[in-house]
Amino acid sequence: MDTHPVKGLDLGICSNCGRRAPIYFRRYSGVKLCSTCFKEDFIKRVRRTISRYELLKYDDRILVAVSGGKDSLVLLKVLYEIEQDFPRSELLAALIDEGIDSYRLDCSRISREFANALNIELHELSFRDLYGFTLNEVVESGIAEKLKLHPCTICGVLRRKALVTAARRLGATVIATAHTLEDIVQTYLLNLLRGERNMRPIGLRRGAENVIPRVAPLRLTPQREIALYAYLEGIPFQLRSCPYTHESMRDEIRNFLTLYDYKYPGSLYAFLNTFEKILEKIPQSAEVNRCEICGEPTDRRICRACEIVLSIKDLLRN
Ligand code: SF4
Ligand code: ZN
Ligand code: ZN
């Protein structure tokens, strides 16, 4: 049996193989895992998530949304591993360049090199090409302020739309995003606190016609396990923060949930499972309303992305 690399630290042995020293303690289950078992278990959990929620089909053309951050590069790597067992599926990657100075250039280089190493082509689309402006221009010209929109709101809505455009151009049948357990619980809580009326499950495959589903294979994986997997696999990722990152309501919820889950391990899973059972009972309309401009699904006459693009272009012209 190996001894633990940290001298004098007695963590026992790996609960799975019973041979090697553990490097990870899963607080909610009491399981301790060595590095080899942790990596295997990490991939197994993503496999189980995909099959439990039927997120992917054996012949899907999967577009992975990469940003250069650790979550999305870990997702790309794990789906690459899983996809080896599904020869009829295909993996593609897309990176959206919002035009945020050197920050996005770094993300783009890291993502391209990582995707190339896995033999996956990275498709890059920019706000400039798609919408005719960059996020920097919108912020620096004062337009974001005039529209009373935080850069992250503009960025999030337009990036989401850009991904759908990328998926349509590439003939993808599904978009895989790197939303984690924490991201999904935070969004559910935020939606509740904001009084959102049209709440739908996040990151699950919905069957509406001509809508490219967005799935989140990491929806049951906590952040700290993603960080550890990235470290153990030597996955490079962008460490710099985006200059527009700001203290928001989401940060307050994130901090609260981190503390709460530390005190009561397993709370995030409990919330997610219970909340999604409640959501299942809310009847979802099978009818899909379409944006009058772009034709993508929306609850409004004109989708939020088209509305924002129109307002920005209007102000840029004047
Ligand atoms: Fe976009 Fe905001 Fe994220 Fe920066 S922090 S990449 S502006 S969503
Ligand atoms: Zn082990
Ligand atoms: Zn639209």
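Residues numbered from 1 in each chain as written. Chains lettered and ligands numbered in written order. Predicted model: local features only at pLDDT ≥ 70, side-chain atom pairs only at ≥ 80, totals over all residues. Heavy atoms only, no water.

Draft legend 1. View of the overall build of the protein. A tally of regular secondary structure across the protein gives 12 helices and 7 strands. In terms of overall dimensions, the protein is globule-like: its C-alpha atoms have a radius of gyration of 21 Å, near the 20 Å expected for 318 residues. Its C-alpha atoms give the protein principal-axis dimensions of about 70 × 45 × 45 Å. Every one of the 318 residues in the protein was classed for burial, and the buried ones make up 46%. Residue pairs at least 24 apart in sequence account for 72% of intrachain contacts in the protein once pairs closer than 6 positions are excluded. Charged side chains of the protein number 48 positive and 41 negative; the gap between the two group centres comes to 3 Å. (Helix = DSSP H or I, 4+ residues; strand = E, 2+ residues; numbered from the N terminus. Rg over C-alpha atoms; globule rule 2.2 N^0.38 Å. Buried < 20%, exposed > 50% of the residue type's maximum accessible area, 1.4 Å probe, protein only. Contact = heavy atoms within 4.5 Å. Lys, Arg positive; Asp, Glu negative; His and termini not counted. Charge placed at Lys NZ, Arg CZ, Asp CG, Glu CD.)

Draft legend 2. Focus on the nonpolar core. The biggest cluster of nonpolar side chains holds 59 residues, and the ones touching the most others in it are Val64, Leu76 and Leu79. Val64 has contacts with Ser72, Leu75, Leu76, Leu79, Leu91, Leu92, Ala93, Ala94 and Ala176, leaving out every residue within four places of it along the chain. Listed in part, the 39 residues of the second largest apolar core include Tyr103, Phe127, Ile154 and Cys155. (Core = buried A, V, L, I, M, F, W, Y, C linked by side-chain atoms within 4.5 Å.)

Draft legend 3. Broad picture of the site of ligand 1. The environment of ligand 1 is formed by Arg104, Leu135, Cys152, Cys155, Arg159, Cys242, Tyr244 and Thr245. Here the shell around ligand 1 takes 3 residues from helix H7 (residues 151-170), the largest share from any one element. Grouping the constituent residues of the shell around ligand 1 by class yields 5 nonpolar, 1 polar and 2 charged. (Near = heavy atom within 4 Å. Nonpolar A, V, L, I, M, F, W, Y, C, P; charged D, E, K, R; others polar.)

Draft legend 4. The pairing of strand E3 (residues 61-66), seen in detail. Of all 6 residues making up E3, 5 are buried, and the element is well covered by its neighbours. In this structure, E3 lies alongside strand E4 (residues 90-97), joined through 6 bridges in parallel fashion. Its bridge partner being in E4, Leu63 is matched across the sheet by Leu92. As paired strands, E3 and strand E6 (residues 174-176) are joined by 3 bridges and run parallel to one another. Directly across from Leu63, in E6, lies its bridge partner Ile175. (Pairing = 2+ DSSP bridges.)

Draft legend 5. A look at the coordination of the zinc ion (ligand 3). For the zinc ion (ligand 3), the full set of protein donor atoms is Cys291 (SG), Cys294 (SG), Cys303 (SG) and Cys306 (SG), at a range of 2.2 to 2.3 Å. Taken together, the 4 donor atoms coordinating the zinc ion (ligand 3) and their angles of 104 to 113° define a geometry best described as tetrahedral. The exposure class assigned to Cys291 is buried, which follows from its relative accessible area of 4%. (Donors = N, O, S within 2.8 Å, 3.2 Å for Na, K, Ca; no water. Tetrahedral: all angles 85-135°; square planar, octahedral: opposite > 155°, others 65-115°.)

Draft legend 6. Focus on the coordination of the zinc ion (ligand 2). Summarising the metal site, the zinc ion (ligand 2) is bound by the protein donors Cys14 (SG), Cys17 (SG), Cys34 (SG) and Cys37 (SG), whose distances to it range over 2.3 Å. Geometry at the zinc ion (ligand 2) is tetrahedral, judged from the 4 donor atoms that bind it and their angles of 102 to 115° at the metal. Summarised as a motif, the one-chain spacing of the donors to the zinc ion (ligand 2) is C-x2-C-x16-C-x2-C. Of this pair, Cys17 sits in the segment before strand E1 (24-26) while Cys37 sits in helix H1 (residues 35-53), and the two are 20 residues apart along the sequence. Using a relative accessible area of 23% as the deciding quantity, one classes Cys17 as partly exposed.

Draft legend 7. Expanded view of unusual backbone geometry. One non-glycine residue, Asn119, adopts positive backbone phi at about 65°. Among the secondary structure elements, Asn119 is positioned in the loop between helix H3 (101-117) and strand E5 (122-126). Positive phi, close to 55°, is recorded for Lys148, a residue that is not glycine. Mapping Lys148 onto the fold places it in the loop between helix H6 (143-146) and H7. On the accessibility criterion, Lys148 (75% relative accessible area) is exposed.

Draft legend 8. Highlighting helix H10 (residues 249-263). Spanning 15 residues, H10 covers 21 Å between terminal C-alpha atoms, matching the ideal 21 Å at 1.5 Å per step. Restricting attention to buried positions, one finds in H10 the residues Asp251, Ile253, Leu257 and Asp261. On an axial view of H10, the arc spanned by its buried residues comes to 160°, and they lie on one face. Exposed residues pointing more than 90 degrees away from the buried face of H10 are listed as Glu252, Leu259, Tyr262 and Lys263. If you follow the buried residues of H10, they end up packed against helix H8 (181-193), helix H9 (223-232) and helix H11 (267-281). (Expected span 1.5 Å × (residues − 1). Arc of directions from axis to C-beta.)

Draft legend 9. Expanded view of the side chain of Arg214. You can see Arg214 is positioned in strand E7 (residues 214-215). Here Arg214 occupies a buried position and makes no salt bridge, while the nearest side chain of opposite charge, Glu296, is found at 9.3 Å. Sequence-distant contacts of Arg214, that is, excluding residues within four places in its chain, are made with Arg160, Leu163, Ile175, Thr177, Gly203 and Leu204. (Salt bridge = Lys/Arg side-chain N within 4 Å of Asp/Glu carboxyl O.)

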